[in-house]
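Structure assessment
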Number of protein chains: 2
Amino acid sequence: MSQKPLILVTNDDGITAPGIQTLIEVMLSIGDVVVVAPDSPQSGKGHAITVDATLYVTQVDVQDQTHLAYTCSGTPADCVKLAVREILKRKPDICVSGINHGSNSSINVIYSGTMSAAVEAGIEGIPAIGFSLLDYSWSANFEASKAFVKRITENVLENGLQNGTVLNVNIPNIPEADIKGIKICRQAMGNWVEQFDKRTNPMGKDYYWLSGKFVNLDNGEDTDEWALENGYVSVVPVQFDMTAYNSIKTLNTWNFK
Amino acid sequence: MSQKPLILVTNDDGITAPGIQTLIEVMLSIGDVVVVAPDSPQSGKGHAITVDATLYVTQVDVQDQTHLAYTCSGTPADCVKLAVREILKRKPDICVSGINHGSNSSINVIYSGTMSAAVEAGIEGIPAIGFSLLDYSWSANFEASKAFVKRITENVLENGLQNGTVLNVNIPNIPEADIKGIKICRQAMGNWVEQFDKRTNPMGKDYYWLSGKFVNLDNGEDTDEWALENGYVSVVPVQFDMTAYNSIKTLNTWNFK
């Protein structure tokens, strides 16, 4: 590429998260970076957009002036929409989201704010990747992620992505030397078994905290869950055409009279 | 079915919306109804879940005691999780969501709170349908929807749905006599072209309202958009395995060294 690629960086943990700082650092070695990220954590926001409230955008002072950065009061999907329509002077060559503090493998792709930003970019025709590290803690160590984030981003810039698809990349939380490589996978079938924690507030009213445990229901060795458990970085191509094409023939035999 | 089916009803417009009242009315003619719906509008919430705040559940007094009803302070996906784990005595035979005030065809399935409730039920292994009427107004006329909602629900109860799929049903906003029938469709390729409305608040700070126009980018005559434009009720089978299987072979040729 003769010109430096324009890279839009966002996330769902908010602009102050260590994960996005690592992502910015890696992207600065590849191209020109503009950050548009939520001003507060947006985990679990799925593909939410803000239709009933105002959106604020604030430019952030970047000390070494290596890139431009903005915070947005909305969701990750709002950030991408605002970046594309209002902030960026041209369509970015790629959008990267993350690095998320915590897994977005298997069914988590559905709940993930990180992935919703990537999907939103994909809908806009922008090649996009969501990156996640399997460590929920704020002090997660992103060192081992850097090389993989760079390699995968460069591949997407070089090869492009099939129209209507984005990538969901998850990185195991192990030392770089122990990571066996990158595996292209399918989304494992799994779900969360919720255990609501029921409490009573000081006014005597019951309330719940949502918590639960992820259960992998898939024995396949071609899934993201298998790859991550076996020391690989998982890459799942994700599409936002959600049509279950295999069901169409059966549904056409139904009697709707 | 010898026993009456147990039907979980939810939506994203909130429990006071006329759309859910119509859905309850139709479901009471089919089975035993339990309503667990948001206590406030949740449009555009995508597949958001509440991970960082408390959830309140309040039983609602149903005047004629035809069914049980609860409001929940969370998102549509939270409602389904709470219903399944905390409120219902057994797994429901079906979950219906809606009737949404406004379209959830094409790419709207991604942003839709209505569909996120159906998808959440699907993840739990419950057959599920999201219903939407192509009229955003609160005073929308749901009369023509009733017969179609009933027929489709009865078909799902009778035939079941393929594992990992739910239905996205959209109903055109025309008189019942003009509706030509029910069409099984694929999700049309389309997107929203946002036009942010930029304003200045009384304190001198700029803010935005998200608005925009849906653009159908798909000429196919097998899409939900085509069906709706041509007077049909559209039924799209929706899957939550988002893997783009067609991309896996290509990605395996990439060089990640």
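Structure first, text after, so check above.
Within each chain, residues carry numbers counting from 1 in the order of the written sequence. Chain letters start at A and ligand numbers start at 1, both assigned in the order the entries are written. The predicted nature of this model means local features are confined to residues of pLDDT at least 70 and side-chain atom pairs, given and counted, to a pLDDT of 80 or more, with totals for whole chains, interfaces and linings taken over all residues.

A word on the relation of the copies chain B and chain A
With an RMSD of 0.0 Å, the operation that places chain B on chain A is a rotation of 180° combined with a shift of 0.0 Å along the axis. Taken together, the rotation angle and the small translation identify this as a two-fold axis. Each copy is superposed on the other by least squares, with the fit set by C-alpha atoms of residues at a pLDDT of at least 70 in both.

Observations concerning the pairing of strand β1 (residues 6-10) of chain A
Residues and elements named next belong to chain A. Between the buried cut of 20 or more and the exposed cut of 12 or fewer other C-beta atoms within 10 Å of a residue's own C-beta lies the partly exposed class, and all C-beta atoms are placed from the backbone. Counting from the N terminus, the helices are the DSSP runs of H or I reaching at least four residues and the strands are the DSSP runs of E reaching at least two. β1 sits mainly inside the fold: four of its five residues count as buried. Summarising the sheet, β1 and strand β2 (residues 32-38) pair through four bridges and their orientation is parallel. By the bridge assignment, Leu8 is partnered in β2 with Val34. A crossover connection joins β1 to the parallel β2 through helix α1 (residues 18-28); in handedness this β-α-β unit is right-handed. Sheet analysis places β1 next to strand β5 (residues 94-101), joined by four bridges and oriented parallel. What sits directly across from Ile7, in β5, is Ile94. Between any two strands, at least two bridges found by DSSP are needed for them to pair. When the strands point away from the viewer, a crossover counts as right-handed if the route from the first strand across the helix to the second turns clockwise.

As for the packing of helix α2 (residues 76-87) of chain A against helix α4 (residues 113-123) of chain A
When two helices pack together, their arrangement is given by the angle between their axes and by how far apart the axes lie. Residues and elements named next belong to chain A. Where α2 contacts α4, the axes come no closer than 7 Å and their chain directions differ by 30°. Between α2 and α4, the interaxial angle falls into the category roughly parallel. Judged by the sense of rotation from one axis to the other, the crossing of α2 with α4 is right-handed. Each of Pro76, Ala77, Cys79, Val80 and Lys81 in α2 lies in contact with α4, whose residues at this interface are Gly113, Thr114, Ser116, Ala117, Glu120 and Ala121. We call Asp, Glu, Lys and Arg charged. Ala, Val, Leu, Ile, Met, Phe, Trp, Tyr, Cys and Pro are nonpolar, and the rest, Gly among them, are polar. Here the residues of the contact of α2 with α4 are counted per class, giving six nonpolar, three polar and two charged. To get an axis, fit a line to the C-alpha atoms, keeping to the stretch in contact for a helix; angles then go from 0 to 180 degrees between the N-to-C directions. Here is the rule for angles: anything less than 35 degrees is roughly parallel, anything more than 145 is roughly antiparallel, 65 through 115 is roughly perpendicular, and the remaining ranges are oblique. Note on convention: near helix rotated counterclockwise from far helix by under a right angle means a left-handed crossing. Clockwise means right-handed. The contact criterion used is a C-beta to C-beta distance within 7 Å, with each C-beta placed from the backbone.

Some details on unusual backbone geometry
Cis peptide bonds are those with omega within 30 degrees of zero, and the linkage from Gly98(A) to Ile99(A) qualifies with -15°. One non-glycine residue with positive phi stands out, namely Ser106(A), at about 50°. Of note, Ser106(A) is situated in the loop between β5 and α3 (108-111). Positive phi, normally seen in glycine, also occurs at Gln65(B), with a value near 55°. Structurally, the position occupied by Gln65(B) is in the loop between β3 (57-60) and β4 (68-72).

Bear in mind that shape data such as this cannot, by itself, settle questions of function.
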